[in-house]
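# Topology and contacts: notes
As a plain string of letters, each chain reads:
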Amino acid sequence: MTKSPNRSLWILGLVLVLLFLLGLMPGLLTDKEVLKSGYTPGLAPPSRDFPLGTDQLGRDVFTWVIHGTRVALYVGTACTSICFGIALLGMFAGYFGGKVDQVVMRITDLTMSIPRFVLIVVFATLMGSDFLNIILIIGTLSWPTLARIMRAETLSLKEREFVLSARVAGSHSLDIVFFEIFPNVLPAVIPAMALQFSLSIIDEIAISFLGLGDPNVASWGRLISVGKQAVFAGGWWVLLCPIIMCVFMLVCLNLLADRLNDRFNPRLRYGGQA
Amino acid sequence: MPYLVKRLIQIPVVVLVVVTLGFFLLKFAPGDPVALFAGEGATPEYLETIRKEYGLDRPLFEQYLMYMGGIFTGRWGYSLSFERPVLTVILERMPYTLLLSFAAFLVAVPMGIVLGVIAATHRSSPLDLFVSGFATFFNSVPAFIIGLVLVYIFAVIMKVLPLGGFQTVGATFTSFFGELLDLLKHLILPAVSLALIWMVGYSRVMRNTMVESLLSDYVRAATSRGISRPRVVYRHAFRNSILAVVTLAGIHVGYMIGGVILTETVFSWFGIGQLVVQAVHFRDYPLLLGILFFSSIWVGAVNLLVDAIYVSIDPRVKLR
């Protein structure tokens, strides 16, 4: 592990790219319609026609799992982008200081001291189970960590010589923030974004598992809740297949976050050759 | 102003914001809770009576003031689905959530600390790699997924432990110990699935802070003064990591209610988490708001407590 952090980073990257491709083109592997019931009269074990079997309503589990990958990647990408967008406030707070900083940090503290998952559930109940709603809810309640990292990095960066020299040369504050500070904040933020990606997926799976998800979206969370019932009729495949797939993706994302941290922020890790 | 006082003031502010936000959002949510409460086929006159009875016919702002006033006098509204005061329902469930979390802590904290110390003192050995791998795995996966797999293995296939609930349905107990044993049996699976997730948090934090301590100058100085290795590890490096453990414990206890919603749902555990799901299912708005309110106070109080603990265990920490 300590010998070649690069190689493991490449392998992880490749696995995730493959997952992304799978998510973009689910039609490559399956010709069945997702969420369409009645392929079999009821629960059917894995067979040649249905590699991962079907659920109680005769829906193809394999197709659902593949489409679930797509849903998870969609949720991860969208929520992380929303978080990243809002978290840019942290950079301004750090750079401008004073009132701006105080206001932004108050909002951050406030958001952090609200029990997040309870609020996500409340919002999802109120605003309805529309897929877009759920993404917006998760995204707008999960940004404080990223904002804090951006602020902390900016605070140290703004005293560096290259920023000071840009300021002396008369650059506009916004130019400094976007062209001098922003690129240098990224190494600290990217690993945290990989982590946020997986946390958003977990939130969506949890919401769908509770039955608050969009009924038209083939989320793993919903399949898992179907599987929870199916095991009593012996249908282990309905429960275990989505679990294995989502655990695989979550572990890959967390490993990626760790490796990115090793590479970008070697000081943060005390292992290896320190 | 002392830091702790500032934090104390922060709690009502957070709660006020949360309740205001929650109240107005709930009011504008789609679906009529009164119609749901009355059931199908209720006459408009009957709906009107219910509205009057619960004060839902007054102007919105008046309802809001009524709600706020009630909150500060301990009247948290009336649960529509349980037909009992919200606070009573919440407080009735809280002991079960506390019991579950406490059981998980009892496993997670000591085990996590032991694993972390082993990993730190055997840095870069296969043992360390194994602990790290274990930690990465359980750090990535949510507790309810672990719970589902455990239920499948131990309750569905092996049938050695109950599927869920907190008591065997229909059982009569002849002795207190019989009842206790039954409760413990039901507690094992949910507690273990939470404990596994929490545990790796402690082991990670413990390992990283201890490796840092073990490489630091004061540990080197202690070693060069001839202090034995175990003493250096336990008296010098170990004590320094306690602060990080307290921080993590604060996070776990503070966000407990949100953290156990899914685990309690998987195991039908009779706690606050399951109550949330019930409130959602019945669109029991007052109850849902009450839970949100309760958990915000809980987070604030726990944060305050953690800060106070900081000051008392580490003389270097001076909170402004």
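Residues numbered from 1 in each chain as written. Chains lettered and ligands numbered in written order. Predicted model: local features only at pLDDT ≥ 70, side-chain atom pairs only at ≥ 80, totals over all residues.

### Looking at the overall build of chain A
- Secondary structure assignment for chain A yields ten helices and zero strands.
- In chain A, the order of α-helices and β-strands from amino to carboxyl end is α-α-α-α-α-α-α-α-α-α.
- Based on the C-alpha atoms only, the size of chain A along its principal axes is roughly 75 × 50 × 30 Å.
- Of all 274 residues assigned to chain A, the portion counted as buried reaches 45%. (Helix = DSSP H or I, 4+ residues; strand = E, 2+ residues; numbered from the N terminus. Buried ≥ 20, exposed ≤ 12 C-beta atoms within 10 Å, placed from the backbone.)

### Considerations on the overall build of chain B
- The number of helices and strands found in chain B is 13 helices and zero strands.
- Listing the helices and strands of chain B from first to last along the sequence gives α-α-α-α-α-α-α-α-α-α-α-α-α.
- Each principal axis of the C-alpha distribution contributes one length, and for chain B these read about 85 × 60 × 35 Å.
- Looking at chain B residue by residue over its 320 residues, the buried ones come to 38%.
- Considering only contacts within chain B whose residues lie at least 6 apart along the sequence, 72% involve residues at least 24 apart. (Contact = placed C-beta atoms within 7 Å.)

### Focus: the packing of helix α7 (residues 161–168) of chain A against helix α8 (residues 173–209) of chain A
All names here are of chain A.
- At a closest axis distance of 10 Å, the pairing of α7 and α8 adopts a crossing angle of 155°. Between α7 and α8, the interaxial angle falls into the category roughly antiparallel. As α7 packs across α8, the resulting crossing turns out to be right-handed. Here Phe162, Val163, Ala166 and Arg167 of α7 lie close against α8, whose contacting residues are Ile176, Glu180 and Ile181.
- Split by residue class, the contact of α7 with α8 holds five nonpolar, no polar and two charged. (Axes fitted to C-alpha atoms, helices over the stretch in contact; angles between N-to-C directions. Parallel < 35°, antiparallel > 145°, perpendicular 65-115°, else oblique. Left-handed = near helix turned anticlockwise from the far one by under 90°. Nonpolar A, V, L, I, M, F, W, Y, C, P; charged D, E, K, R; others polar.)

### Structural notes on the confidence of the model for chain A
- Across chain A, the average pLDDT comes to 89, with 95% of residues at 70 or higher.
- Taken as a whole, residues 270–274 of chain A scores under 50 in pLDDT and shows nine contacts with residues more than four places along the chain or in a different chain. (pLDDT = per-residue confidence, 0-100.)

### Structural notes on the packing of helix α4 (residues 116–127) of chain A against helix α11 (residues 256–266) of chain B
- Contact pair α4(A) / α11(B): the axes reach a minimum separation of 6 Å and the direction vectors enclose 60°. Between α4(A) and α11(B), the angle is such that the two are oblique. Judged by residue contacts, Arg116(A), Phe117(A), Val118(A) and Val121(A) of α4(A) engage Ile257(B), Gly258(B) and Ile261(B) from α11(B).
- Among the residues making up the contact of α4(A) with α11(B), the classes are represented as five nonpolar, one polar and one charged.

### Description of the nonpolar core
- Among the nonpolar cores identified, the biggest contains 155 residues, and Val121(A) and Ile291(B) are the most heavily contacted of them.
- With residues up to four places along the chain from it excluded, the contact list for Val121(A) reads Leu212(A), Ile261(B), Val276(B) and Val280(B). (Core = buried A, V, L, I, M, F, W, Y, C linked by C-beta atoms within 7 Å.)

### Some words on the interface of chain A and chain B
- Taken together, the contact between chain A and chain B spans 36 residues of the former and 43 residues of the latter.
- Elements that contribute at least two residues to the side of chain A that touches chain B include exactly α4, α8, α9 (220–230) and α10 (236–264) of chain A.
- A total of nine residues in the side of chain A that touches chain B trace back to one element, the largest contributor, which is α10(A).
- Residue composition of the side of chain A that touches chain B, grouped by class: 26 nonpolar, seven polar and three charged.

### Some words on the environment of Leu305(B)
Residues and elements named next belong to chain B.
- By secondary structure assignment, the location of Leu305 is in helix α13 (residues 285–313).
- With 14 C-beta atoms packed within 10 Å, Leu305 lands in the partly exposed category.
- Through-space distance from the C-alpha of Leu305 to that of Leu4 is 9.3 Å; in sequence the pair is 301 residues apart.

### As for unusual backbone geometry
- Even without being a glycine, Leu35(A) presents a positive backbone phi close to 65°.
- Along the polypeptide, Leu35(A) turns up in the loop between α1 (5–24) and α2 (61–96).
- Assessed through the 16 C-beta atoms surrounding it within 10 Å, Leu35(A) is described here as partly exposed.
- Within the chain, Lys159(B) stands out as a residue other than glycine whose phi angle is a positive 55°.

### Quick word on the confidence of the model for chain B
- On average, residues of chain B score 86 in pLDDT, and 97% of them are at 70 or above.
- Confidence metrics for the complex model read pTM 0.90 and ipTM 0.88.

### A word on the environment of Ile118(B)
Residue and element names in this part refer to chain B.
- Counting through the fold element by element, Ile118 comes out in helix α5 (residues 86–121).
- Residue Ile118 is classed as partly exposed on the basis of its 17 C-beta neighbours within 10 Å.
- Spatially, the C-alpha atom of Ile118 lies 8.0 Å from that of Arg207, the residues being 89 residues apart in sequence.
- Not counting residues up to four positions away in its chain, the partners in contact with Ile118 are Leu127 and Val131.

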